[in-house]
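Architecture at a glance
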Amino acid sequence: MVYQRIRDLREDKDMTQVELSKILLCSQRIYSNYERGDVDIPTEILIKLADFHHVSVDYLLNRTNNPKMAE
């Protein structure tokens, strides 16, 4: 699975992979692997990404086109 949405959201904020990897406390290489879908994103990281971008985990996983988080 390619995680295109996490790349799109990062680019929308004009952030580099290095900048976002520092927020997630991982290396740029690991983060790049997440974006390309080379490795599955751990649940903890998915939650951090969703919280950072203010979207739902389901949106990141392409389970919905609605980016809003449940209240």
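Above this text you will find the structure in question.
On a predicted model such as this, the values are computed, not experimentally measured, just so you know. (Residues numbered from 1 in each chain as written. Predicted model: local features only at pLDDT ≥ 70, side-chain atom pairs only at ≥ 80, totals over all residues. Heavy atoms only, no water.)

1. Remarks on the side chain of Ser 32
Quick reminder of the rule: Helix numbers and strand numbers start at the N terminus; a helix is a DSSP run of H or I with at least 4 residues, a strand a run of E with at least 2. Here a polar contact means two N or O atoms within 3.5 Å. Within protein one must be a hydrogen donor candidate and the other an acceptor candidate, and residues neighboring in sequence count only if both atoms are side-chain atoms.
Structurally, Ser 32 can be placed in helix H3 (residues 28-36). Of the polar contacts made by the side chain of Ser 32, one reaches the side chain of Arg 36; its length is 2.5 Å.

2. Some remarks on the packing of aromatic side chains
In plain terms, the rule: Centre distance within 6.5 Å is the pairing criterion for rings of Phe, Tyr and Trp, where only the six-membered ring of Trp is used; planes under 30 degrees apart are then read as stacked, over 60 as edge-to-face, and the remainder as tilted. Should the NZ of a Lys or the CZ of an Arg lie within 6 Å of a ring centre and within 35 degrees of the ring normal, that charge is described as sitting over the ring.
A complete count under the given rule lists 0 aromatic pairs for this structure. Positioned above the aromatic ring of Tyr 59, the side-chain terminus of Arg 5 is 4.0 Å from the ring centre.

3. Topic: the packing of helix H2 (residues 17-24) against H3
To be explicit about the condition: Each axis is a line fitted through C-alpha atoms, and for a helix only the stretch in contact is used; angles between axes span 0 to 180 degrees, taken between their N-to-C directions. Each angle is binned into one of four classes, with values under 35 degrees roughly parallel, values over 145 roughly antiparallel, values of 65 to 115 roughly perpendicular, and all other values oblique. By the convention used here, residues are in contact when the closest approach between their heavy atoms is within 4.5 Å. All residues other than Ala, Val, Leu, Ile, Met, Phe, Trp, Tyr, Cys, Pro, Asp, Glu, Lys and Arg, Gly among them, are scored as polar; the first ten of these are nonpolar and the last four charged.
Contact geometry of H2 with H3 gives a least axis separation of 8 Å together with a crossing angle of 100°. By the angle between their directions, the pair H2 and H3 is classed as roughly perpendicular. Every residue of H3 that contacts H2 at Gln 17, Val 18, Leu 20, Ser 21 and Leu 24 is listed here: Gln 28, Tyr 31, Ser 32 and Glu 35. For the contact of H2 with H3, the per-class residue count stands at 4 nonpolar, 4 polar and 1 charged.

By themselves, these observations are geometric and do not establish any function.
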